[in-house]
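So you can see what is in the structure, the chains are spelled out below.
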Amino acid sequence: LSPYKLGKTEVPYKLWKEVHDWAIGNGYMFANAGVKGKDGNGSEEEPVTSVSWRDCIVWCNAYTQKIKGEEECVYRKSKTDTTVLKDANDTTACDAVYADMSKKGFRLPTEAEWEYAARWQSESTNADKYGEVWLTKLNSASGAKDKWDTAETGEVAWYSGNADNETHPVGEKRSNALGLHDMSGNVWEWCFDRYDNNPTANDGAYESGGFVTDPQGAASSNARVERGGSWDDDARDCVVGKRLGDGPDRSLDNLGLRVAMSKN
């Protein structure tokens with residue numbers, strides 16, 4: 001993976017709303033306005049939910065333009081048509097999006113970026129070794145020191161066993177080794193990639209010199225990847241190895257986002 005940054009928390013409603021309202025006044029359009037936490041009755045510090053994948057990529061462009069200027073927006077109509085995506089209702093353009101990773105704007109993480117950040121460790125506790133890197137075992141929550149069916153899940157994640165059937169303010173649970181909160185539990189998080197049951201199915205498209213570099217998922221699929229588990233999932237569904245895929249138009253009360261940014 002090329003160097004990248006990842007948000008310490010899921011995007012809280014307060015930030016989503018601030019950018020959303022700015023965007024509406026600057027030529028952007030959304031399919032869903034987003035709500036505070038599970039059902040709109042939460043606090044502004046709870047993660048935004050009920051936003052589609054299309055809403056999220058358009059919102060990332062708006063956040064970028066607001067902070068860094070339109071030239072740094074990542075999501076474009078195509079590699080040759082560099083028009084910035086600004087309308088989540090333009091389903092054809094959104095679903096055929098080109099991600100210009102040379103830009104320094106906000107974006108969704110790729111699935112590989114998400115999993116690496118969720119699993120990275122500096123020690124061997126509850127980890128498997130890949131080369132010189134220790135990664136949390138697939139049957140554990142991010143940051144957990146034991147497998148899913150122990151009290152450890154509750155230390156790092158809001159899930160069905162402790163969430164009281166609702167979302168919670170971001171960043172309250174113990175962080176993982178990189179200082180990232182809620183990588184397991186609270187809400188599922190959209191990733192950029194198209195979904196395939198086999199996450200390595202399209203790796204050949206990103207292979208060079210014997211290495212797969214910066215993969216971006218399936219070559220074709222109507223679904224986009226979700227990772228991390230949520231407030232209404234069992235502990236076993238909040239492990240770092242759990243993957244889901246859903247249509248880019250879906251907006252659910254247990255699904256939000258975390259932003260990433262390229263550093264190169």
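Calculation rules
- Residues numbered from 1 in each chain as written.
- Predicted model: local features only at pLDDT ≥ 70, side-chain atom pairs only at ≥ 80, totals over all residues.
- Heavy atoms only, no water.
- Salt bridge = Lys/Arg side-chain N within 4 Å of Asp/Glu carboxyl O.
- Buried < 20%, exposed > 50% of the residue type's maximum accessible area, 1.4 Å probe, protein only.
- Helix = DSSP H or I, 4+ residues; strand = E, 2+ residues; numbered from the N terminus.
- Phe/Tyr/Trp six-rings, centres within 6.5 Å; stacked < 30°, edge-to-face > 60°.
- Expected span 1.5 Å × (residues − 1).
- Arc of directions from axis to C-beta.
- Contact = heavy atoms within 4.5 Å.
- Polar contact = N/O pair within 3.5 Å; in protein donor to acceptor, adjacent residues only side chain to side chain.
- Pairing = 2+ DSSP bridges.
- Axes fitted to C-alpha atoms, helices over the stretch in contact; angles between N-to-C directions.

**What about the pattern of salt bridges?**
In total, this model carries 13 salt bridges according to the counting rule given. Across the pair glutamate 113 and arginine 107 runs a salt bridge, and its minimum N-O distance is 2.8 Å. An identical accessibility class is assigned to glutamate 113 and arginine 107; each is buried. Its salt-bridge partner being arginine 174, residue glutamate 152 comes within 2.7 Å of it at the nearest N-O pair. Linking glutamate 152 in helix 5 (residues 152-156) with arginine 174 in the loop between helix 5 and strand 9 (188-194), this pair joins segments that are 22 residues apart in sequence. A relative accessible area of 30% places arginine 174 in the partly exposed class. Three or more residues joined by partner-sharing salt bridges are found here, namely Glu111, Glu115, Arg119, Arg227 and Arg243.

**Some words on the packing of aromatic side chains**
Evaluation of the coordinates by the stated rule reveals seven aromatic pairs. With 3.9 Å between their ring centres and 10 degrees between their planes, tyrosine 63 and phenylalanine 106 make a pair best called stacked. Remark: phenylalanine 106 occurs in the loop between strand 5 (98-99) and helix 4 (111-119) and tyrosine 63 occurs in helix 2 (residues 53-68); sequence separation between them is 43 residues. Residue class for tyrosine 63 comes out buried when judged on its relative accessible area of 15%.

**Brief notes about the side chain of serine 52**
With respect to the helices and strands, the residue serine 52 is situated in the loop between strand 3 (48-49) and helix 2. The buried category is assigned to serine 52, whose relative accessible area is 1%.

**A look at helix 1 (residues 13-24)**
In this model, helix 1 (twelve residues) spans 16 Å end to end at C-alpha, consistent with the 16 Å of a helix rising 1.5 Å per residue. Every buried residue of helix 1 is listed here: Tyr13, Trp16, Val19, His20 and Ala23. Each buried residue of helix 1 sits inside an arc of 135 degrees when the element is viewed along its axis, so together they form one side. Packed against the buried residues of helix 1 are strand 2 (35-36), strand 3 and helix 2.

**Digging into the environment of arginine 243**
Tracing the backbone shows arginine 243 in strand 13 (residues 243-246). Spatially, the C-alpha atoms of arginine 243 and glutamate 111 are 9.4 Å apart, while their sequence positions differ by 132 residues. Aside from chain neighbours lying at most four places away, what touches arginine 243 is Glu111, Tyr195, Asp196, Asn197, Pro199, Val225, Glu226 and Arg227. Engagement of the side chain of arginine 243 in a polar contact is seen with the backbone oxygen of aspartate 196, the distance being 3.0 Å. At 3.4 Å, the side chain of arginine 243 forms a polar contact with the backbone oxygen of asparagine 197.

**Section: the sheet that holds strand 8 (residues 133-136)**
Taken in spatial order, the three strands make up an open sheet running 6-8-7, and their pairing is antiparallel. For this open sheet the edge positions go to strand 6 (120-121) and strand 7 (127-130), each flanked by a neighbour on one side alone. Across the sheet, helix 4 lies against strand 6, strand 7 and strand 8, angled at about 90 degrees from strand 8, the strand it touches most.

**With respect to the sheet that holds strand 14 (residues 255-256)**
Taken in spatial order, the four strands of this open sheet run 13-12-9-14, and their pairing is mixed. Strands at the two margins of the open sheet, each flanked by one partner only, are strand 13 and strand 14. One ladder, built from four bridges, connects strand 12 (residues 224-227) with strand 13; its direction is antiparallel. Within the sheet, the bridge partner assigned to arginine 224 lies in strand 13 and is aspartate 246.

**Quick look at the pairing of strand 12**
Alternating residues of strand 12 divide into Arg224 and Glu226 and Val225 and Arg227, and every residue in both groups is buried. Sheet topology places strand 9 next to strand 12; three bridges connect them, and they run antiparallel. Each residue of the ladder has a partner; that of tryptophan 190, found in strand 12, is glutamate 226.

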